Amino acid sequence: MHLYLSHNPRTLYLVTGSHDERKGRPQRALVFRAAEGNPAQVIVEFLPKDEVNLTSAVKLTSRVIKGCLGLISVENDTFLAVVSSATEVGNTRPSDSQPESVAKIHEVSFYCLTSHSWDDFSAAHDTLLNPENADALMTREQQHYSQSTTPPVFEHPCMPLTKILSSGSFYYALDPAWDLSSRLPVRLARDRSNAHDIGIFDERFVWNEYIVRSLLNFRERLDPLEREELDKCQFIILAIQGYVGVFTMALPAPPVNGAPVIATLSLISRLGWRRAGTRFNTRGVDDDGNTANFVETETILTTDQHCVSYTQVRGSVPLFWEQQGLQTFGQRIQITRPHASQPAFERHFAHLMEEYGATHAINLLGSKENEAILTSAYAKHLQLARSIWGDELSITHYDFHNAVRISGHDSVMRDICRLEGIDNNMGRYGFTMCDASTDSLITEQKGVFRTNCLDCLDRTNFVQDIFSRKALEQYLSLVHREWLQAGALWMHHRELWAENGDALSRIYAGTGALNTSVTRTGKRTLAGVLSDATKSVSRAYINNFQDKGKQIAIDMFLGNMNNQRQVNIFDAIHDSVGKALQQRLSEYSTTQSCSIFAGTWNVNGRLPSSESLLPWLFPRDSKPDIFVLGFQEIVQLTAQQIVQPDPEKKRIWEQKVMETLERRPQRTCDYVLLRSEQLVGTAIFVIVRSDLTAVIRNVEGAARKTGLRGMSGNKGGVGVRLDYYDTSFCFLTAHLAAGHSNIEERNADFHTIVKGLHFQKGKTMSSHENIIWLADTNYRIDLDNENVRARSEADDFDSLVAADQLRQAIDNGDAFAGYEEGPMLFRPTYKYDLGTDNYDTSEKMRIPAWTDRILFKGRFDLAVYSRAELKGSDHRPVFALFRSEVRIIDVVKKAALSRLLLENTLSATPGEKLDEKLASLVLPNDYSELPPPSTDEDAWWNRPEHPKGIFPISIAHLLESNAANPFNSPEESPFSSSPSSSDEELYSHAMGLQSPITPVRKPPPPPPRSRHTDV
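Here is a short report on the structure shown in this document. (Residues numbered from 1 in each chain as written. Predicted model: local features only at pLDDT ≥ 70, side-chain atom pairs only at ≥ 80, totals over all residues. Heavy atoms only, no water.)

Overall, the coordinates contain 33 aromatic pairs when judged by the stated rule. Between Phe-597 and Trp-616, the ring centres sit 6.4 Å apart and the planes meet at 70 degrees, which makes this aromatic pair edge-to-face. Separated by 19 residues along the polypeptide, Phe-597 in strand 22 (residues 589-602) and Trp-616 in helix 18 (residues 614-617) bring together distant segments of the chain. Of the two residues, Phe-597 and Trp-616, both sit in the buried class. Ring pairs connect the aromatic residues Phe-597, Trp-601, Trp-616, Phe-618, Phe-627, Phe-631, Trp-653, Tyr-671, Phe-685 and Phe-879, which therefore count as one cluster. The aromatic ring of Phe-46 is capped on one face by Arg-28, whose charged end is 4.0 Å from the ring centroid. Above the plane of the ring of Tyr-779 lies Arg-746, whose end atom (NZ or CZ) is 5.3 Å from the centre. (Phe/Tyr/Trp six-rings, centres within 6.5 Å; stacked < 30°, edge-to-face > 60°. Helix = DSSP H or I, 4+ residues; strand = E, 2+ residues; numbered from the N terminus. Buried < 20%, exposed > 50% of the residue type's maximum accessible area, 1.4 Å probe, protein only. Lys NZ or Arg CZ within 6 Å of the ring centre and 35° of its normal.)

Written out as C-alpha cells, the structure is:
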C-alpha cells in the first residue's frame, strides 16, 4: 500500500497498491482528516479506491507501507503512525493449513494530520536499519535520550517514539492475519470463524493498543462485509514487543523411506506493556497486579504429526520496591510499601492463576543484603497467598549466583530440574500438544513456571532455557526418542534462547544479555567474561544517565502521561453518549467521607525522647483514616549527612510513631506505614488504616532539592501522592530557606518545588485534586523581638498574623497562591529553649515565629488547626484535622448507563430532541444481577417490598418443584441398597466421598481499570 497527502483540507490516504491486489486484497483506501477545532479528533473514511481522487495528491514516501499502527497526539498535533519497513522472520507453524508468519518492524514513520510544519522532516531514519546492528542502534538511541529534554528546533516531535518503534524489537502477524499476541492453546480454543478476526487479541501484549484503539472502534462500527474487507487489506497492524525467532531443520525419521522429517522450532516472547519501562525506572508491581518486565515466552515445535507448545513467564518480584538515586554495582533496594503490598501481590497471582492455572514461582535472587531483603519479603507474602490457593501456588528459592560460584553453570543445568518442587510440577504441568492436521488438542499445559531474578534478564533467561529443553525432552521421550540426541535441534534451541536473552535485555537494560556465551555453547569462555564485564559497565551508565528520556517516550506511546489526550475518531452518536455520560457522573458514582491527620515537626536532629506522641497524634479523640507526618531536620544538617544521609534515624522515628499508634488507648483499628520518603533531613510518613490498603492505589514518592541552587538536599521538598478510590491526593513536606530576611529565597524555593517535583508518567503537584503542604516554611514575623514576645504571651494573634511573612506572600501572590490555611489561634512554634516553655534565651535571641505551617488546596473541611505541647525539640509540632470526600466510581453501573444511552441514541427518530431524551433516561434498578452494596442506613434485604428482611416463599412452588421427600435416599445409594450394610461397607464408601470444602480467604477483587470505559 502507499501513503498520499492532499491539501485543503489536509488529508492522508492509505491506498492499496498493485502488489496488494495481486495478493487478492480489495482495492480500498483508508482516508484520514483532522476534525475542525479539535486536534485530538480525526475523521476517518473507508472507501473504494476508485472513489478517491488522487490527482492532486502527493506520494509521501517511495517506500511500500506495511500498515498503520494508529493515531497519536503529540504537542497538540495529531500524527498517523505507519510501518514503512519490515522483514519476514518466518512461519512459526508451517504445519497449519494457513501460515502463521511473523514480520519484524525495522522502521516506523509519523505523518502529521494537523500541520505542514513537519512535512520536510521525516521522523524515520534515512536508510533501512540493519537488524544485525541492534547494539549500535540502542547506543545511538540512548545518546538521544541523554540529551536535554528540550528538543532541537528542527527535530520531529515523534523522534523519540520512532527510535523505540524502529529498534527491531516489535513484531506483527503477516497476512492472513492471525493473533500473534495469544499463545497456541488460547488460539486453538477459539471458534475457527474467529481465527483471523483482528479484533480478538490479548490486550496485555499489544503495545499499540492505546494509539490503535480508535481505529479498532471504527472497525467495529462498520458493517460485517466492510469489516471483512478492511481486515483483508491489512491496514491495521497490531504489534507486540519482545522477540520472535524461527528455525526450520531436518531431523532423522524412522527407517520407512529414508526421508528426514522437516521440523520447525519457534520461540515467541511477548513483553507486557501494562507496567512497561526501563530498568531502574520501573520495578516491582503496581496496584493492578502488573509487574515490570513481565514476559510470556512460548516454545513451539512443529512437525508433520504434532504441534507442541510450552509456555513460561517471567516478571519482577511482585512487591512495591524501587531503586532510587545513582545505582552502581552494589544496587540499593527500597521496599516502598512493606506493609501494604499483599493486595497487589495477590492480584498479580490471581491474574496468573486465571490465565495459566497452577503457578510455581522460581526465585533466583541471591543471599546478598539487598536481594535477601526481597527474597524474605517475597516468601512472607507468598505464604499468606497460599491460604487462598493452597498447593496450586508454590515457590522454590534457588541462589543462582551461589550455585555458579561453587560448581559453575553446569551445576545449574544439572541440578535445578532435580529440585523436588520443580521436578514434580514439571511433570504435573506438562505441555500443550495438538494434531498438526486437524488442530485438535491432545493435551494441554496445566500450569506455569514464573521465574525471576532482580532484572528478570540474564539468570532468568538461562533457567528458562533449561525448562524449555526439559519440556521438549518430555515430548520427544514419548513420540520421537531418536531426536533426544539430535544435535541440530538443540543447537538451534540454544541459539534461539541466546537471541531471546539479548533482545529482552536490550529492551529493558540497554545492552545484550550476560551469560549468552554459556547459553550458546554451554561453556564459560574468557571472551564471554570480558563481554559480560563490558555490558555491565554499559548498563550502569545507560540506566543511570540515559533511561529517563526513554521512559518518558515509552509512557507517551502507551498513553500513560498525565493529561495526555487519546485521539478519537469522529462519531456523532458516541460523542453524544460520552458527553451525556460525563454529565451524569453522580448516577454511577458515590462519595465516602474520610478523615486525614496532617502534622509537621522540626525535630532539630534529635532522636525520640521518652515523651509520648499521643498529644500530637491523637488530639480531640480523633480517629483518622490517614496520618501524614512531615519531619524536618530528622538528621543534623552536617556536610556528611548532606552527602550521604543516615536512614537509621528515619527508621527510629518510624518505629516510635508506629508504636504510639499500636499502644494508644481504646484502639479500634490497626494502622500500617504505607510509604515513607527522605531527602537528607526532610522526611514524610504516610500511614493508613490497614483495611484501606486495598483501595489506596498508585502510591509514589518524589523529592526536589533547593539548597545550593538545587544541588544540595539540606533544603527542599519531598512528597507522596496516591489515589484513594478515584480521588487523587498529594502530600508534601518541605524545609525552605532559613534567615529572617530571606523572603525571596523562600518564595523561590516554593516555586522550585512546585515546578520541579515530578512523579511518574508526567504527574506534577498540580495534577492532583487535593494537596496538603506540611512544612517548616521558615517564614518569620516582621516585628521586633520584644514586641513579638509580648504579644505572644498576651495571645494577641491578630496583630502577629498581620505581620506574618507567609500571609503577606499569599496575599501578594508571591507564593502559595490559591492555598488556604486555618486561623492562627496558637502561639508561634519557633524557637524554644529545649525542654522548656521559654522562647530562645541564647545569645542569638531569635524572634518567635510561625515557621511550622500546614496549607491545603482542594476539597477539604478543616476541623482543627493547632499545635501540640511536646518539648523534645526547639520547635513545637503542628497538626491539622481534615474531613474530605473521595469519589467511588461504579464501573459496572457506568457501563450499564453507557449501554442504555447508546441504545436510546441509536433508536432516536428523526426530529426527536436527543438531549432531552437522554436526560430523561433513568437506569433501571436491575442493571446488575447483584443488589447494591449495603450501608449502615440502607440494606438490600430491608426494603418496603421486604419489610424487616422477610421474603415470602410460595409453598405451591416448593411442592411443584420438589414433590419427593428430600430426606429419602436415592435408589442407587449404597446406604439404601441393603438394610444391613456393615460398618466396613459404610466406612469404605465414606472414604470415597468428596472431601468437604474448606473455607479459604478470597483473593482481593480486581481494581477498576485505569483506562476509561469506551462508549
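Evaluation of the coordinates by the stated rule reveals 58 salt bridges. For Arg-25, the salt bridge identified is with Asp-175, shortest N-O distance 3.6 Å. One end of the pair, Arg-25, is in the loop between helix 1 (18-22) and strand 3 (28-34); the other, Asp-175, is in the loop between strand 9 (170-173) and helix 4 (184-189), and 150 residues separate them in sequence. For Arg-25, a relative accessible area of 10% translates into the label buried. (Salt bridge = Lys/Arg side-chain N within 4 Å of Asp/Glu carboxyl O.)

The next thing to look at is helix 6 (residues 224-233). Residues of helix 6 that are buried: Leu-230, Asp-231 and Cys-233. One side of helix 6 carries all its buried residues, which in axial view fall inside an arc of 160 degrees. Turned more than 90 degrees away from the buried face of helix 6 sit Pro-224 and Leu-225, all of them exposed. Buried residues belonging to helix 6 abut strand 3, strand 4 (41-48) and helix 5 (209-220). (Arc of directions from axis to C-beta. Contact = heavy atoms within 4.5 Å.)

Among the 5 residues in strand 2 (residues 11-15), 5 count as buried, and that is most of the element. Judged by which residues are buried, strand 2 turns out to be covered on both faces: Thr-11, Tyr-13 and Val-15 on one side and Leu-12 and Leu-14 on the other are all buried. Here 5 bridges tie strand 1 (residues 2-6) to strand 2, and the two strands are oriented antiparallel to one another. Its bridge partner being in strand 2, Ser-6 is matched across the sheet by Thr-11. Where strand 1 folds back onto strand 2 in an antiparallel hairpin, the turn is made up of 4 residues, including Asn-8, whose phi is positive at roughly 55 degrees. Pairing of strand 2 with strand 3, which is carried by 5 bridges, proceeds in the antiparallel orientation. Looking at the pairing, Val-15 lines up with Ala-29 of strand 3. (Pairing = 2+ DSSP bridges.)

Looking now at the pairing of strand 6 (residues 67-74). Burial within strand 6 is extensive, with 8 of its 8 residues counted as buried. Relative to strand 7 (residues 77-91), strand 6 is paired through 7 bridges, and the arrangement is antiparallel. The residue of strand 7 that forms the bridge with Ile-72 is Phe-79.

Our focus in this paragraph is the sheet that holds strand 1. The strand order across the open sheet built from 6 strands is 5-1-2-3-4-21, with neighbouring strands paired in mixed fashion. Pairing within the sheet leaves two strands with one partner each, and these edge strands are strand 5 (58-59) and strand 21 (568-569). Contacts from helix 6 reach strand 3 and strand 4 within the one sheet, and its direction differs from that of strand 3 by about 95 degrees. (Axes fitted to C-alpha atoms, helices over the stretch in contact; angles between N-to-C directions.)

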